[in-house]
Amino acid sequence: GWWFGPKVGGDQVWAYNGNKASPTPPLGGWQVPWDGPEDPTLRLTAVAGSAPAAGHTAMQQGQGQGQYAPAMQQQQSQGQYARPQMPAAVAPRQVVPQQTAAYVAQQEAERQRREVERQKALAEQQRRREEEEKKRRDIEEENRRKQAEREAEQARKAAELKQRREEEEAKRKEQAAALAVRKVIQRVRVATPETYDALRTELEEAQVKHLETMGSQADKVSQEATQTLEQTQKRLDDIVAKREEEERRQQEAEKRKLEEAEKVEKLKGEMAAIVKEAEAKIAETKGMEADFSKPDLSPEAALEAASASQQAVSSTCDALTKAEGSLREKWLDMGDNEASWQVKREVQDMIRVVADGRLVMETLSKAADWAKQKAERKAASLAKEKERRGAFDKHDGDKDGTLSRAEVVAFSKTEFDFELPSSTLDKIMRTLEPVEFKKFRSLFQKVAIARSEVRARTERAEEERRRLLLEEQRAAVSKIAADAGELLGEAESTLGRAEGEARPLATVGPDELGADGLKELASTIEKLIEGAQALLDQVSEKSRKMEGECGANEDLKGYEQSFLPRLNGRLSRSQARAEKILALLESARERAVRKAYAEMDLKRSASVTAIRAKMGEEGKSGEDYFKSLADGESLSKDRFVALLKGFGEVELVEGQAEKLFEHIVGTGASEMSQVRFLELIRLYYKCVKHTVMSEGLPIKSKTVRKLEVGEVLEVVEGPAKEESVGVVRVKCKAMQDDALGWVTIAGNQGTPFLEPGGNFYACIKETVLTDALSVQESKTIRKVAKGEVIEVLEFTKKDDALDIRRIRGQAKLDGATGWITVSGNQGTAYLEAC
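Residues numbered from 1 in each chain as written. Predicted model: local features only at pLDDT ≥ 70, side-chain atom pairs only at ≥ 80, totals over all residues. Heavy atoms only, no water.

(A) Quick look at the overall build of the protein. If you tally the helices and strands in the protein, you get 16 helices and 22 strands. Its C-alpha atoms give the protein principal-axis dimensions of about 150 × 130 × 70 Å. Excluding contacts between residues fewer than 6 apart, the proportion of contacts in the protein whose partners are at least 24 apart in sequence is 61%. Carbon and sulfur atoms make up 51% of the accessible area of the protein, which amounts to about 52,400 Å² in all. Of the charged side chains in the protein, 137 are positive and 147 negative; the average position of the first set lies 3 Å away from that of the second. (Helix = DSSP H or I, 4+ residues; strand = E, 2+ residues; numbered from the N terminus. Contact = heavy atoms within 4.5 Å. Areas by Shrake-Rupley, 256 points an atom, 1.4 Å probe, with all protein chains shown as cover. Lys, Arg positive; Asp, Glu negative; His and termini not counted. Charge placed at Lys NZ, Arg CZ, Asp CG, Glu CD.)

(B) Expanded view of the nonpolar core. Counting 24 residues, the largest nonpolar core has Ile611, Tyr625, Leu635, Phe640, Phe647, Met672 and Phe677 as the members making the most contacts within it. Counting only elements with at least two residues in this core, the list comes to helix H12 (564-618), helix H13 (622-629), helix H14 (637-645), helix H15 (656-665) and helix H16 (674-680). Per-element accounting of this core gives the leading share, 5 residues, to H12. Ignoring sequence-local partners within four residues, the contact set of Ile611 consists of Tyr625, Leu643, Phe647, Phe677 and Ile681. Listed in part, the 21 residues of the second largest apolar core include Val264, Met271, Ala278 and Leu320. (Core = buried A, V, L, I, M, F, W, Y, C linked by side-chain atoms within 4.5 Å. Buried < 20%, exposed > 50% of the residue type's maximum accessible area, 1.4 Å probe, protein only.)

(C) Just the packing of aromatic side chains, in detail. Taken as a whole, this structure holds 9 aromatic pairs when the rule is applied. Ring plane angle 80 degrees and centroid distance 5.9 Å describe the contact between Phe411 and Phe416, whose orientation is recorded as edge-to-face. No difference in accessibility class separates Phe411 from Phe416, as the two residues are buried. (Phe/Tyr/Trp six-rings, centres within 6.5 Å; stacked < 30°, edge-to-face > 60°.)

(D) Region of the structure containing the pairing of strand E14 (residues 740-744). Among the 5 residues of E14, 4 are classified as buried, and the element is accordingly described as predominantly covered. The sheet contact formed by strand E13 (residues 727-734) and E14 spans 5 bridges and is antiparallel. Bridging from a neighbouring strand, Lys733 pairs with Leu740 of E14. (Pairing = 2+ DSSP bridges.)

(E) Structural context of the side chain of Lys330. Note that Lys330 resides in helix H5 (residues 299-334). The exposure class assigned to Lys330 is buried, which follows from its relative accessible area of 18%. Discounting residues that sit within four places of it in the chain, Lys330 has contacts with Leu267, Glu270, Met271 and Ile274.

(F) Summary view of the packing of helix H3 (residues 218-286) against helix H7 (residues 344-395). The contact between H3 and H7 brings their axes to 10 Å, and the two run at 15 degrees. Looking at the two axes, H3 sits roughly parallel to H7. Remark: the crossing between H3 and H7 carries left-handed chirality. Taken together, the residues of H7 that come into contact with H3 (itself represented by Lys268, Met271, Ala272, Val275, Glu279, Ile282, Thr285 and Lys286) are Glu346, Val347, Met350, Val353, Gly357, Val360, Met361 and Leu364. Grouping the amino acids of the contact of H3 with H7 by side-chain chemistry returns 10 nonpolar, 2 polar and 4 charged. (Axes fitted to C-alpha atoms, helices over the stretch in contact; angles between N-to-C directions. Parallel < 35°, antiparallel > 145°, perpendicular 65-115°, else oblique. Left-handed = near helix turned anticlockwise from the far one by under 90°. Nonpolar A, V, L, I, M, F, W, Y, C, P; charged D, E, K, R; others polar.)

(G) Geometry of the pattern of salt bridges. Taken as a whole and judged by the stated rule, the model has 51 salt bridges. Residues Arg200 and Glu204 are paired through a salt bridge, measuring 3.9 Å at the closest nitrogen-oxygen approach. Of the two residues, Arg200 and Glu204 both sit in helix H2 (residues 196-214), 4 residues apart, roughly one turn of that helix. The partly exposed category is assigned to Arg200, whose relative accessible area is 36%. Residue Glu204 is classed as partly exposed on the basis of its relative accessible area, which comes to 43%. Across the pair Lys557 and Glu554 runs a salt bridge whose closest N-O atoms are separated by 3.3 Å. (Salt bridge = Lys/Arg side-chain N within 4 Å of Asp/Glu carboxyl O.)

(H) Broad picture of the environment of Ile428. Position of Ile428 among the secondary structure elements: in helix H9 (residues 422-432). By relative accessible area, which is 4% here, Ile428 ends up buried. Distance in space between the C-alpha atoms of Ile428 and Ser442 is 9.5 Å, their sequence separation being 14 residues. The residues touching Ile428, leaving out its near neighbours within four places in the chain, are Leu420, Glu433, Leu443, Lys446 and Val447.

(I) Seen up close, the confidence of the model for the protein. Here the protein averages 80 in pLDDT, while 92% of its residues score no lower than 70. Note on residues 49-98: pLDDT is under 50 here. Beyond four places in sequence and across chains, it has 102 contacts. (pLDDT = per-residue confidence, 0-100.)

(J) Up close: helix H8 (residues 405-416). Its 12 residues place the ends of H8 16 Å apart at the C-alpha level, agreeing with the 16 Å of an ideal helix rising 1.5 Å per residue. Positive backbone phi, approximately 50 degrees, marks Asp417, located one or two places after H8. (Expected span 1.5 Å × (residues − 1).)

(K) Just the side chain of Arg570, in detail. Tracing the sequence through the fold places Arg570 in helix H12. If sequence neighbours within four positions are ignored, Arg570 has contacts with Gly485, Leu488, Gly489 and Glu492.

(L) Structural context of the environment of Phe661. Here Phe661 is to be found in helix H15. Taking C-alpha positions, Phe661 is 46 Å from Gln125, a pair spaced 536 residues apart along the chain. In contact with Phe661, other than residues within four places in its own chain, are Leu635, Ser636, Lys637, Phe640, Gly666, Ala669, Ser670, Glu671 and Met672.

(M) Focus on unusual backbone geometry. With an omega of -5 degrees, the peptide bond running from Val32 to Pro33 counts as cis. Cis geometry marks the peptide bond from Glu433 to Pro434, where omega comes out at 0 degrees. Along the chain, Pro434 turns up in the loop between H9 and helix H10 (440-502). Despite not being glycine, Lys399 has its phi angle at roughly 55 degrees, a positive value. With respect to the helices, strands and loops of the structure, Lys399 is situated in the loop between H7 and H8. Even without being a glycine, Asp417 presents a positive backbone phi close to 50 degrees.

Below you can see the structure in the form of structure tokens.
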């Protein structure tokens, strides 16, 4: 088929025509876009002339049958392009001589450019070879030096090794002799009173035998022997004293053991008496069980006997508690000794007797309680029987021993407040008539059942009404949930569009949008987010409404959980998406501000370069050049803009010169003062090699002073060429001491003495930017992060209150201006020169 696009063989297509039979581009039937519907308004017109140049619209047949160029006639009066019309004819491709000449010129320029690049590459290659040769010679020299050092070191180590071996041999003999004596000293240290005298004699003999051989260690070993004898004698004296003390303690322990045995035996007898008394009390109380267990007792007598037994059980339990406490106290009084452990089992048996008695009392108490309950139930049953007889007699008005229909109806009304239906009454009478006293309970039950059935029917009807009402309420809640879901879906769709629009904002680097593009796109996305947030707020309101309605209605409690978890989950995710996009917007706006500042700063640098070049051409100082431009004391915005537009090397789009003026002077300003103009065109150099500052342009003029590496100089005049030696010099002011004079930028052999810069500092430790020189009396503008670059506006000044050095500068990141510390009073560096 036929394809319509900007370039033959390109990868971009505007329209497509599936007509494969036509040898020339079809006039109509084009799909726009290529995979869209047919657009009847697209018509082609072929024009005579040359083939399309690179970048012009081109057309290609998919089968490679030919190339044709559609023409779009430009409507000059309206400034727009018209759609192509009907084709007249397709002209063959022609070659235009003017285009051929331009092509040849272009090829020649390209050849020359490549030749220049080749020459540069050859020069760079030669420089690299020279550097590599110098590096190789340096490495060989370093290797020779290191070899000589290694040989000298090996000779020194050999001499030291020989001397060390001789010293070690002498020392070994001394140590062997000292070791022999020390072995005896070690045996003396562990001597007993029985072996001490023999070991002492052996030590003295060993000292005499090895005295001369020990050499320098003799005195030290002798001191060790003396100290060991003293310590051993003291230790043996302690052993003898301890043996005597141990014998004394054993005698006292035997005496204490006899006393403890006597005490334990006495306490055991007292405990046995307590247990005997408790057993008697248990037996007496247990004998009362027969008083309430007789089967022929009346309810009143059984109640009286059971109550008396319970009182006795309570009294006995109190006695047992007291006895148990006494037993435990006496057991503690026995103490923790051998005698008490010998009677431990007997004491435990006594305590167990008391505990078993308590179990017996608990069983007896339960039996008495059961008998009491049984008697109470029997008494209640008799009273109920008497009550029913009284009720029957009450409703038996004619005293004939039976209840008639009228009496049954009266009974139902009186006892149950219930009007018996006729059908129910007939059924009861057929079943129970004649209604005697023995059937009175059955009558009571049937009337109660009938009333329950009527109430149940009423309750079922009420339940049905409540069910229908609940369904209506649930339907209302479901409607709220559905509405919230629709709103949430709309919000999610809006967030999706916002995320799609926001993708370019995430691009950071050379391909990201410009400052204006970032701001415009951020505003568009912000409107989408505001719309989505309004929808999310409505969803939140409906969610709260559901919770409120379900929480206020007992029947609806928990019903909202059918919708809220999923709804709130989607809501949370949507809010998180919105917050993420807003964070991206905030970041993009910050980048836009910084990018706009950076773009303006580049234009500012280009403008300053152009102004200083113009000043150099005209041979004027900054003050003179300002006076030639200004109206009196200030330079107007219009004149400054006209000045910039006159520089061909400064590329400025429409309105950018005005923005640059405000970037330099401030938003809303219409004039630039001479001070601000001179500050704008200030140029700095830093000294990179020791040189001198002289009074005049000639290099042989009187020297002002020497310049140190790292000094910063501000250009006052120049650059100017010193013709006698062919070097370029500038008149500068040293920022260190305001010294004024001429300095050479580079020697006639290319050796650099000065390099542009020196008025930029890099932050190497996070600090703050303040609005005044004094740290204590100023306010913080913002933090300065590590790595930020600061342009110096005023060089180092001292804050006397804190004894620190500070500069006034402008952050290149966002243009923030203020005072910043170079180094603290403890030597901590915050800034270093770039």
